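Examination of the molecular architecture
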Amino acid sequence: MSNSMTGAKMVVQALIDQGVDTVFGYPGGAVLPIYDEIFQQNHIQHVLVRHEQGAVHAAEGYARSTGKPGVALVTSGPGATNAVTGLTDALMDSIPIIVLTGQVPTFMIGSDAFQEADTVGITRPCTKHNWLVKDTDALSKTLHEAFHVAMSGRPGPVLVDIPKDVQFATGTYQPAKPQASHYQPQVKGDIESITELAKAIETAKRPIFYTGGGVINSGPQASQLLRELVAATGFPVTSTLMGLGAYPASGEAWLGMLGMHGLYEANMSMHDCDLMINIGARFDDRITGTVEHFSPNSKKAHIDIDASSINKVIRVDIPIVGDVAHVLEDLLKVWKSRGRKTDAEGVAKWWKQINEWRAVDCLAFKQTGPNIRPQHAMARLEALTKGHDRYICTEVGQHQMWAAQYLGFEDPNRWMTSGGLGTMGYGHPASIGVQMAHRDALVINVAGEASWLMNMQELGTAIQYRLPVKQFILNNERLGMVRQWQELLHGERYSQSWSEALPDFVKLAEAFGAKGIQCSDPADLDDAIMEMINHDGPVVFDCLVEKHENCFPMIPSGKPHNEMLLANAKTQGAITGTGAVLV
Amino acid sequence: MSALNIKKGSTSHSAYNLRPNYSDTEERHTLAVIVENEPGVLARVIGLFSGRGYNIESLTVAEIDHEGHRSRITIVTSGTPQVIAQITAQLGRIVSVHNVYDLTVEGASVERELALFKVSGKGNDRIEAIRLADIFRANVVDSTLESFIFEITGTPEKIDAFADLMRPLGLEEVARTGVAALSRGAHALP
């Protein structure tokens, strides 16, 4: 094979060499040469989205459900600016994606040409790294480097901006050489610190594992090692929203999710523990609540591949910079070689305390009245889809928290949600990316009606590619989380937080060629969910739920973990003082 | 402790400072940042400081190794020890940054800045200006019958002191390069 080819062909060749099978994109003037090459090959399937934001979220969904990098291809100017939300989302959640953008030809850059935008300038703060390629000979090397950077260390989004003349010109293609990059983040943890942690494990009386998305990003082996570590020590484990599935929800040591809408037992354990072992989480403000009151009496260990995460928010006693799987492997080795000791008596007492908190049964609810309660909808969805090869996406808001609380995740890479950025409109395109990677799986996007409308155009994509994604919309005709905060913080003045002039979702689905189901009676819910599961094609499920339901438990902002609001709590004046300025 | 050398008591710097301060003492640190000499690298470094709300007191940048595509950025910044540790770690994760050295932490270092001063005046002021320039070992690099341009090299404090003295004598304009710094001794940064 000759190594001389056009820049456009190099793009396709590099994607093939990197093992890419699917690209999500939208054509335009500045990427036409690349689209021409895509037309003339059969290795890569291109998925035509309906909006560039959808392409990036779909690539994220693909990446999160497979552990492989996701790829999006968009044009210059508006194509690139529409990709910005997805890039920021991927940066916050450390998702490896490669976004390729077309650019006006090099000789027109800076002239305010048609569909010109300073793409690398705009995306510099929302990518892990980005490149503008001005020479066709440098293109293949840059593309391989882009994959390397996206996947190495703390994963993240990268962008390669390719001017149209660079796509047309001929240059020399160079195959991938991963060792060529100077970017080689440290993966092995410092053994002294790991030994210090092993010693702390031996003497802890009230330990807890606090795990995050880093466990998922580290690969399936990391989840396996976590399970081994939890089983061997008998310590309780909780997880952030991002880390659900790393430890199975059915596992004995599972306390459920922690944080603002986390479980009572998880948050109380975090507050009262004497040894906190943070594995691949970043002490996000949704987790810590007020920093002054965060787990005041614990020794804290923090395993993170990103040195800047350590001591950023919470001062830790045992910092370990490294990849979760590598560090856990070493930790297990060290701890076992020292005699695999724990303070069994102390830990048993700790479990007794935890079980008292568990008995509060903070997620309990009663399905009463004529309307479906959203918790009930989630519980039934869980019961009826549990045995399936299932992937769950969500949008952002109350429904997202209910999904995290009531759905159980047994394995990593099964849960796709916008954690850090909180992007409404994420779930629908993400579900398309997931279904592209797992054609026979049951892919459900748990949505709110307002979030779903933000990227509902992607239903066209689902129809075109015969992707049987299920859009399960908890429709309360409200921006539920906004409404809840207005109830808590703004004297029940519900400013702009109801969804007026909503479409008829069944007719909307049918207009796209999908199936629409509406359900409002609790008695019909199971049958309706079964109908959704059994339909071979995309479904929009309009689940009309109780309109003024609040999402509990909740740590009001400005309050510590042990001052949670439980169901039916008095909400007036729950947030005061400095808490009110926090989001 | 790990090789990271993260100080105890570190926390975050935030624009919304609701977080506890483990140490309130603001320190002035000089950082040497070795970067890949490529387009946009300075924007990445500056964007980090503006985006996360850190201070820049002075910043200088120039290529130091043409063959190896390396530039050296010298940044003088201030903040609590926790903030300084965050700045160092955040700089370190930029893909085009090869190494970050906190010269203030790593031992004694030499800091120099170059400045040009335009001073205009007549009679005694003019004589006094050139007398002081001599004391400060400043060179005259341009001269007319009514003005001088002095070139002075030294620590930022020395240049500040010279500026204070020139001000009443007819200081018109100043250009400063910002600080360049190297650690003392035979040992070179890797």
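Residues numbered from 1 in each chain as written. Chains lettered and ligands numbered in written order. Predicted model: local features only at pLDDT ≥ 70, side-chain atom pairs only at ≥ 80, totals over all residues. Heavy atoms only, no water.

Some details on unusual backbone geometry
Residue and element names in this part refer to chain A.
- Omega for the bond connecting F552 with P553 falls within 30 degrees of zero, at -5 degrees, which places this linkage in the cis form.
- With respect to the helices and strands, P553 occurs in the segment after β20 (539-544).
- Located in the positive-phi region is R466, a residue other than glycine, with phi close to 50 degrees.
- Looking at where R466 falls in the secondary structure, it is placed in the loop between α20 (459-464) and β18 (470-475). (Helix = DSSP H or I, 4+ residues; strand = E, 2+ residues; numbered from the N terminus.)

Here's the deal with empty space enclosed by the protein
All names here are of chain B.
- The full count for this structure, using the stated rule, is 2 cavities of 30 Å³ or more.
- By volume, the second largest cavity amounts to about 40 Å³.
- Every residue along the wall of the second largest cavity is listed here: V119, S120, G121, D125, R126, A129, E146, S147, F148 and L169.
- Those elements that provide at least two residues to the lining of the second largest cavity are β5 (109-120), α3 (123-135) and β7 (147-154). (1 Å grid on protein atoms, 1.4 Å probe; cavity = no way out; pocket = protein on both sides within 12 Å on 5 of 7 lines; lining within 4 Å. Points joined across faces, edges and corners; volume = space filled by probe spheres on them.)

Some points on the confidence of the model for chain B
All names here are of chain B.
- Chain-level pLDDT for chain B is 89 on average; 88% of the residues reach the 70-or-more range.
- pLDDT under 50 marks residues 1-21. Its contacts with residues more than four places away, or in other chains, come to 52 contacts.
- For this predicted complex, the interface confidence score (ipTM) comes to 0.91, while the overall pTM stands at 0.94. (pLDDT = per-residue confidence, 0-100. Contact = heavy atoms within 4.5 Å.)

Focus: the layout of surface pockets
- When its volume is computed, the second largest pocket comes out at roughly 1,100 Å³.
- Taken together, 35 residues form the lining of the second largest pocket, with W131, K141, T142 and E145 of chain A together with E38 of chain B sitting closest to its centre.
- Of all elements in the fold, only β6 (129-132) and α7 (139-151) of chain A reach the threshold of two or more residues within the lining of the second largest pocket.
- The element best represented in the lining of the second largest pocket is α7 of chain A, accounting for 6 residues.
- Each residue belonging to the lining of the second largest pocket can be placed in one class, and the counts come to 12 nonpolar, 13 polar and 10 charged. (Nonpolar A, V, L, I, M, F, W, Y, C, P; charged D, E, K, R; others polar.)

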